[in-house]
Amino acid sequence: MSFINYSSREINCKIVYYGPGLCGKTTNLQHIYLKTNPKVKGKMISLATETERTLFFDFLPLALGEIRGFKTRFHLYTVPGQVFYDASRKLILKGVDGVVFVADSQVERMEANLESLDNLKINLKEQGLELDKVPYVIQYNKRDLPNAAPLVELQRLCNPYGVPEFGAKATTGEGVFQTLKAVAKLVLADLKKMGS
Amino acid sequence: MHESQLVMQQEDFDVLNAIINKLVRDANARGIFVVDKAGQLIAETGELQGIDSTSLASLTAGCIAATGGLAKIVGEEEFPTHFHQGARDNLHMTLVGDRMILVVIFDDRSSLGLVRLRVKKAGNELGKLFEGIRKRAETGAQSLTLPFSEITDDDIDNLFSD
């Protein structure tokens, strides 16, 4: 649910990175934080366990520039991916404007990807949203690993709607910004549709 | 279910700022924040130096969301008021309507009793304000021109050009 402030001429949108545990959601945000100009980013918050597993959420505010005189700000969130944190994932999805689903390319994690995708659909539905109606992109992370499943297989199983998809290696940043730009564009295009 | 987009006009902000500026004086508070449940900062006033209000808004929403989840587990609808006592500064959070949170930071220049008293009145006024905004959005009564209708695909592409 984007927020339009006519007084300060700002548009604020929320993007949530979703996916199974250890797929690379936090790594995506960490890379974005590392590589973004300090003038356009805020502080990154990570609520995590001692072993650096996301406990509640990561948060990174970004200012992407001006569009028609309005400053566009995107708030990036990640959810905790471990299965038993479902209650927290529901809360973080509240007010979402765009979703990045980060799939773990490893063959052994295919089932976890599909479980997480189902979970995303269910949690969105509880908010009155349908995944095929929400600005949504998929990132196939860890493309560099030797046990990475073929892209065709991942696409077939994880992307039935044919949404924009990107291969990535979040640890080096490959595909990270392309993914972010794609989902941000979809969110703005969606707002444009609503405005007309 | 799915909430409508929140659009605030200048006159809404004028009313909002008047309410929270009065509250910060009446409650002898250090700072006041209005945050939506999705973590967006709506308005702020007071002695804000050194406070990262963007992070505060996000964490406030997270805190409210988490305790809302706890409330349902114990059979409550929600816990509408939170108070956190610090060594120097204290935090008072109240839910306003369905989707807003009023945050008051105060120190020993004020007291919990005074804050609660003033927040009650201000909360009612804010509730009426946001209810009016919501109704306008739902009935389409607002005669505003959303900025997005004029956005072109090139505008969006230019935002991301390197």
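Model, not experiment: these values are computed from the prediction. (Residues numbered from 1 in each chain as written. Chains lettered and ligands numbered in written order. Predicted model: local features only at pLDDT ≥ 70, side-chain atom pairs only at ≥ 80, totals over all residues.)

### Re the interface of chain A and chain B
Where interface size is quoted, it is often the accessible area lost as the parts come together. So the rule is basically this: Here contacts are defined at the residue level, using C-beta atoms placed from the backbone and a cut-off of 7 Å between them. Secondary structure follows DSSP: runs of H or I at least 4 residues long count as helices, runs of E at least 2 residues long count as strands, and numbering of each begins at the N terminus. Residues were grouped as follows: Ala, Val, Leu, Ile, Met, Phe, Trp, Tyr, Cys and Pro as nonpolar; Asp, Glu, Lys and Arg as charged; and all remaining residues, including Gly, as polar. Should DSSP find at least two bridges between two strands, the strands are taken to pair.
Each partner contributes to the interface: chain A provides 39 residues, whereas chain B provides 34 residues. The set of elements that each furnish at least two residues to the side of chain A that touches chain B consists of strand 1 (3–5), strand 2 (10–18), strand 4 (54–67), strand 5 (70–78), helix 2 (86–92) and helix 5 (176–195) of chain A. Across the side of chain A that touches chain B, the residue classes tally to 19 nonpolar, 13 polar and 7 charged. The sheet contact formed by strand 1 of chain A and strand 1 (residues 6–8) of chain B spans 3 bridges and is parallel. Residue pairing for strand 1 of chain B: N5 of chain A is matched across the bridge by M8 of chain B.

### Focus: the packing of helix 1 (residues 10–26) of chain B against helix 3 (residues 112–139) of chain B
All names here are of chain B. Operational definition: A fitted line through C-alpha atoms represents every axis, and for helices the fit uses only the stretch in contact; the resulting angles, taken between N-to-C directions, go from 0 to 180 degrees. For this classification, under 35 degrees means roughly parallel, over 145 means roughly antiparallel, 65 to 115 means roughly perpendicular, and everything else is oblique.
Contact geometry of helix 1 with helix 3 gives a least axis separation of 10 Å together with a crossing angle of 175°. Comparing the axis directions of helix 1 and helix 3 gives the class roughly antiparallel. Each of D12, V15, L16, I19, L23 and D26 in helix 1 lies in contact with helix 3, whose residues at this interface are R118, A122, E125, L126, L129 and I133.

### A few points about helix 1 of chain B
Residue and element names in this part refer to chain B. Spelled out, the test is: Helix span is expected to be 1.5 Å times the residue number reduced by one. Using C-beta atoms placed from the backbone, we call a residue buried if 20 or more other C-beta atoms fall within 10 Å of its own, exposed if 12 or fewer do, and partly exposed for counts in between. Here the arc refers to the set of directions running from the helix axis out to each C-beta atom.
Over its 17 residues, helix 1 runs 24 Å from end to end, which matches the ideal 24 Å to within 8%, given 1.5 Å per residue. Taken residue by residue, helix 1 has D12, L16, I19, I20, L23 and V24 as its buried positions. Each buried residue of helix 1 sits inside an arc of 130° when the element is viewed along its axis, so together they form one side. In helix 1, the exposed residues that point more than 90 degrees away from the buried face are Q10, E11, D14, A18 and R25. Those residues of helix 1 hidden inside the fold are in contact with strand 1, strand 2 (31–36), strand 3 (41–46) and helix 3. Directly after helix 1, the chain includes N28, whose backbone phi takes a positive value near 50°.

### Observations regarding the sheet that holds strand 3 of chain B
Residues and elements named next belong to chain B. Taken together, 5 strands build an open sheet; the order of strands is 3-2-6-5-4 and the sheet is antiparallel. Two strands close off the open sheet at either side, each with one partner strand: strand 3 and strand 4 (81–85). With direction set aside, neighbouring strand axes in the sheet form an average angle of 15°.

### Describing the nonpolar core
Defined as follows: A set of buried residues drawn from Ala, Val, Leu, Ile, Met, Phe, Trp, Tyr and Cys, joined through C-beta atoms within 7 Å, is what defines a nonpolar core.
V16 and F101 of chain A together with V34, L102 and V104 of chain B are the most contacted members of the largest nonpolar core, which has 94 residues in total. With 9 residues, the single largest contributor to this core is helix 5 of chain A. Apart from the residues within four sequence positions on either side, V34 of chain B is in contact with L16, I20, I42, A43, M100, L102 and L126 of chain B.

### Section: the environment of N28 of chain A
Residue and element names in this part refer to chain A. Note that N28 resides in helix 1 (residues 25–35). With 142 residues separating them along the chain, N28 and A170 place their C-alpha atoms 5.5 Å apart. Apart from the residues lying within four places of it in its own chain, the contact partners of N28 are Y17, V102, A170 and V176.

### What to know about the environment of K181 of chain A
Along the chain, the position of K181 of chain A falls in helix 5. The spatial distance from the C-alpha of K181 of chain A to the C-alpha of E165 of chain A is 12 Å, given a sequence separation of 16 residues.

### Overview of the confidence of the model for chain B
The condition that has to hold: The predictor's confidence in any single residue is recorded as pLDDT, a number from 0 to 100.
Averaged over chain B, the pLDDT score is 87; the fraction of residues at 70 or greater is 87%. The complex model carries a pTM of 0.89, and its ipTM stands at 0.79.

### Regarding the pairing of strand 2 of chain A
Residue and element names in this part refer to chain A. Extensive coverage of strand 2 is indicated by the burial of 8 of its 9 residues. Where strand 1 hands over to strand 2, the hairpin turn is made up of 4 residues, of which R9 adopts a positive phi near 55°. Inspection of the sheet shows strand 2 paired to strand 5 by 8 bridges, in the parallel sense. By the bridge assignment, N12 is partnered in strand 5 with R73. Pairing of strand 2 with strand 6 (residues 98–104) involves 4 bridges; the strand directions are parallel. Paired with V16 across the bridge in strand 6 is V99.

### Things to note about the pairing of strand 4 of chain A
All names here are of chain A. In terms of strand pairing, strand 3 (residues 45–48) meets strand 4 through 3 bridges, oriented antiparallel. Directly across from S46, in strand 4, lies its bridge partner D58. The hairpin turn running from strand 3 into strand 4, its antiparallel successor, is 5 residues long, and E52 in that turn takes a positive phi close to 65°. Relative to strand 5, strand 4 is paired through 9 bridges, and the arrangement is antiparallel. Along strand 5, the bridge assignment pairs L62 with F74. The hairpin formed by strand 4 and strand 5 contains 2 residues between the paired strands, and R68 there has a positive phi angle of roughly 50°.

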